[in-house]
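# Report on the structure
This is what each chain is made of:
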Amino acid sequence: MKKRIILRFKKNTIDKPIVYKLVKDYNLIFNILRANISPKAESLMVMELEGTEANFKKGMKYLKGLDIDTEPMERDINRDENKCVHCGLCTSVCAPEALYIKDRRSMSIEFDYNRCVACELCVKVCPVKAMSVSFE
Ligand code: SF4
Ligand code: SF4
């Protein structure tokens, strides 16, 4: 099986060798898709894991034991550049700052896909429905 998961680390868990353990102890193949690591706040990582179902479950149990929250990522977020009017509303709800003000003078809003954790909050607030969610 292959699954994409979102990992949320608290400050005291970012230094754990989790990738090494997932590979070595649970025989899981990994691909880090996105990472937003901060020593001062909650950190996030989106990872694709591949392995047997039994090993996947054991790996998730290992992460839970370290107090690392995991959730499956089964959706993707996209922005329709033609619809976006750069109102900036979405930047106020986007905690990982995937949506951010690039230039204060022009107030142009950028979307950094690599930081997005698919929380869908921007989809709810965008007045012109420029942000959308797709399911795998
Ligand atoms: S809320 Fe929608 S229209 Fe406004 S900046 Fe964000 S994506 Fe663009
Ligand atoms: S879904 Fe939207 S609000 Fe949530 S992290 Fe991605 S860009 Fe930010």
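Just so it is clear, the structure is predicted and the values come from calculations on it, not from any experiment.

In this model, helix α2 (residues 53-65) (13 residues) spans 18 Å end to end at C-alpha, consistent with the 18 Å of a helix rising 1.5 Å per residue. Against the buried residues of α2 lie β1 (2-9), α1 (18-24), β3 (43-50) and β4 (69-72).

Time to look at the site of ligand 2. Surveying the vicinity of ligand 2 reveals the residues I77, C94, P96, A98, L99, F111, C116, V117, A118, C119, E120 and C122. Of the residues in the shell around ligand 2, the class split is eleven nonpolar, no polar and one charged.

Okay, the pattern of salt bridges next. The final tally for this structure, using the stated rule, is six salt bridges. One salt bridge in this structure joins K21 and D25, with 2.9 Å as the shortest N-O distance. Between E81 and R79 there is a salt bridge, with its nearest N and O atoms 3.2 Å apart. Here the salt bridges do not stand alone but share partners, grouping K21, K24 and D25 into one network.

Of note, A118 is a non-glycine position whose phi angle comes to about 55°, a positive value. For A118, the position within the fold is in the loop between β7 (108-111) and α3 (121-125). Using a relative accessible area of 1% as the deciding quantity, one classes A118 as buried. With phi around 75°, E120 is a residue other than glycine that occupies positive phi space.

Next up on the list: the pairing of strand β5 (residues 75-79). Of all five residues that make up β5, four are buried, and the element is covered over most of its length. Pairing geometry for β5 and strand β8 (residues 131-135), over five bridges, is antiparallel. Each bridged residue has a counterpart across the sheet, and for R75 the counterpart in β8 is F135.

A separate point is the packing of aromatic side chains. Taken as a whole and judged by the stated rule, the model has two aromatic pairs. Between Y26 and Y62, the aromatic rings sit 5.7 Å apart at their centres with planes inclined by 40°, giving tilted as the arrangement. With Y26 in the loop between α1 and β2 (29-36) and Y62 in helix α2, the pair connects residues that are 36 residues apart, well separated along the chain. Just as Y26 is buried, Y62 falls in that class too. Seen in terms of ring centroids, F111 and Y113 are 6.3 Å apart; in terms of plane orientation they differ by 85°. Their pairing is edge-to-face. Y113 sits in the partly exposed class, given a relative accessible area of 30%.

Rules used throughout
Residues numbered from 1 in each chain as written. Chains lettered and ligands numbered in written order. Predicted model: local features only at pLDDT ≥ 70, side-chain atom pairs only at ≥ 80, totals over all residues. Heavy atoms only, no water. Helix = DSSP H or I, 4+ residues; strand = E, 2+ residues; numbered from the N terminus. Expected span 1.5 Å × (residues − 1). Contact = heavy atoms within 4.5 Å. Near = heavy atom within 4 Å. Nonpolar A, V, L, I, M, F, W, Y, C, P; charged D, E, K, R; others polar. Salt bridge = Lys/Arg side-chain N within 4 Å of Asp/Glu carboxyl O. Buried < 20%, exposed > 50% of the residue type's maximum accessible area, 1.4 Å probe, protein only. Pairing = 2+ DSSP bridges. Phe/Tyr/Trp six-rings, centres within 6.5 Å; stacked < 30°, edge-to-face > 60°.

Purely geometric stuff here, so don't read any function into it on its own.
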